[in-house]
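Observations on chain architecture
For reference, the chains in residue letters:
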Amino acid sequence: MFALPLTEDAELRPLDPWLAEEFLAHLDRAREHIAPWVSPSFVATDLPSARAVLQRYADRWARDAGGIWGIWQAGTLVGGVMFVSFDVPVGVAEAGCWLEPGAEGRGLISRAVTRIVDWAVRERGIQRVEWRTNAENARSIAVARRLGMQHDGTLRQVYPGPAGRRIDIEVWSVLAPEWRGGSDVREHRVQ
């Protein structure tokens, strides 16, 4: 197993299906906070559904089509990052994230996303990394900006939302040449 340091007391490591109990305990702490922003299928409510979420990502990893990594702070799972999709032949991946409230404001997501995007671009040859987020998710949009992503546009009324409203999705992206050329800016913004 590997662990990549993010801060003095936080690290990024694989979030495998055998960690379903820890993942579920984390989701219980984060559920209300992240539910408006992530897919309902992600917010597991019991051990079998938590295991199923992690197994879906393990299967994607095995197919070279995605992956999921947890962020542990002081030994506790507090959030994570993922490639929702990952298509090497096409050169496009979609990154995503989640974090429980007590871990916000420390730059953990920006650092973790930087790690996986850097790997995707430099090691795997991904040419475009997308960031799709609810247009009302100001924190997620701020991460995209800190990472040097550009706003490509807004997909209007893509998903059903609460109270009969439909949700707009903003699409942000960074291209490989921009990513490779912007590392000084990212490191300054993430610090």
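This text goes with the structure placed above it.
For the structure given in this document, a descriptive report is provided here. (Residues numbered from 1 in each chain as written. Predicted model: local features only at pLDDT ≥ 70, side-chain atom pairs only at ≥ 80, totals over all residues. Heavy atoms only, no water.)

Moving on, we come to the packing of helix α1 (residues 20-34) against helix α2 (residues 47-62). Packing of α1 against α2 brings their axes to within 9 Å, and their N-to-C directions diverge by 105 degrees. Taken together, α1 and α2 sit at an angle that is classed as roughly perpendicular. Of the residues in α2, those in contact with A20, E21, F23 and L24 of α1 are L47, A50, R51, V53 and L54. A class-by-class count of the residues in the contact of α1 with α2 yields seven nonpolar, no polar and two charged. (Axes fitted to C-alpha atoms, helices over the stretch in contact; angles between N-to-C directions. Helix = DSSP H or I, 4+ residues; strand = E, 2+ residues; numbered from the N terminus. Parallel < 35°, antiparallel > 145°, perpendicular 65-115°, else oblique. Contact = heavy atoms within 4.5 Å. Nonpolar A, V, L, I, M, F, W, Y, C, P; charged D, E, K, R; others polar.)

Turning next to unusual backbone geometry. For A74, which is not glycine, the phi torsion reads 50 degrees and is therefore positive. Considering the arrangement of structural elements, one finds A74 in the loop between β3 (67-73) and β4 (76-87). We classify A74 as exposed; its relative accessible area is 64%. Phi angles above zero are rare outside glycine, and Q157 is one such case at about 50 degrees. Along the chain, Q157 turns up in strand β7 (residues 150-160). The exposure class assigned to Q157 is exposed, which follows from its relative accessible area of 51%. (Buried < 20%, exposed > 50% of the residue type's maximum accessible area, 1.4 Å probe, protein only.)

Time to look at the pairing of strand β2 (residues 10-14). Within β2, four of the five residues are buried, which leaves it mostly tucked inside the rest of the structure. Pairing of strand β1 (residues 4-7) with β2, which is carried by three bridges, proceeds in the antiparallel orientation. Within β2, the position partnered with L4 by the bridge is L12. Counting the residues in the hairpin turn of β1 and β2 gives two residues. (Pairing = 2+ DSSP bridges.)

Okay, the environment of V84 next. Residue position: V84 is located in strand β4. Setting aside its immediate chain neighbours within four residues, V84 contacts Y57, R60, A65 and E94.

Turning our attention to the packing of aromatic side chains. Evaluation of the coordinates by the stated rule reveals six aromatic pairs. On the basis of an interplanar angle of 85 degrees and a centroid distance of 6.3 Å, the ring pair of F23 and W98 is categorised as edge-to-face. Taken as a pair, F23 in helix α1 and W98 in strand β5 (residues 92-99) lie far apart in primary sequence, 75 residues in all. As far as the burial class goes, F23 and W98 line up, both buried. (Phe/Tyr/Trp six-rings, centres within 6.5 Å; stacked < 30°, edge-to-face > 60°.)

Taking 1.5 Å per residue, 15 residues should reach 21 Å; helix α3 (residues 108-122) reaches 21 Å between its end C-alpha atoms and fits that length. Residues of α3 that are buried include every one of L108, I109, S110, R111, A112, V113, I116, V117, A120 and V121, and no others. (Expected span 1.5 Å × (residues − 1).)

One key point about sheets: their strands pair by backbone hydrogen bonds, in either a parallel or an antiparallel sense. Pairing is mixed in the open sheet, where eight strands are placed in the order β1-β2-β3-β4-β5-β6-β8-β7. Of all strands in the sheet, those with a lone pairing partner are β1 and β7, marking the two edges. In this sheet, neighbouring strand axes are inclined to one another by 25 degrees on average, regardless of whether the strands run parallel or antiparallel. Pairing of β4 with β5 involves eight bridges; the strand directions are antiparallel. Looking at the pairing, V81 lines up with C97 of β5.

In this structure the tally under the stated criterion is 10 salt bridges. The shortest N-O distance in the salt bridge between R13 and E11 comes to 2.9 Å. Using a relative accessible area of 16% as the deciding quantity, one classes R13 as buried. Here R122 makes a salt bridge to D118, at a shortest N to O gap of 2.5 Å. Linking R122 with D118, this pair stays in helix α3, spanning four residues, or about one helical turn. The exposure class of D118 is partly exposed, given its relative accessible area of 25%. Put simply, R128, E130, R132 and D152 are held in one network by salt bridges that share partners. (Salt bridge = Lys/Arg side-chain N within 4 Å of Asp/Glu carboxyl O.)

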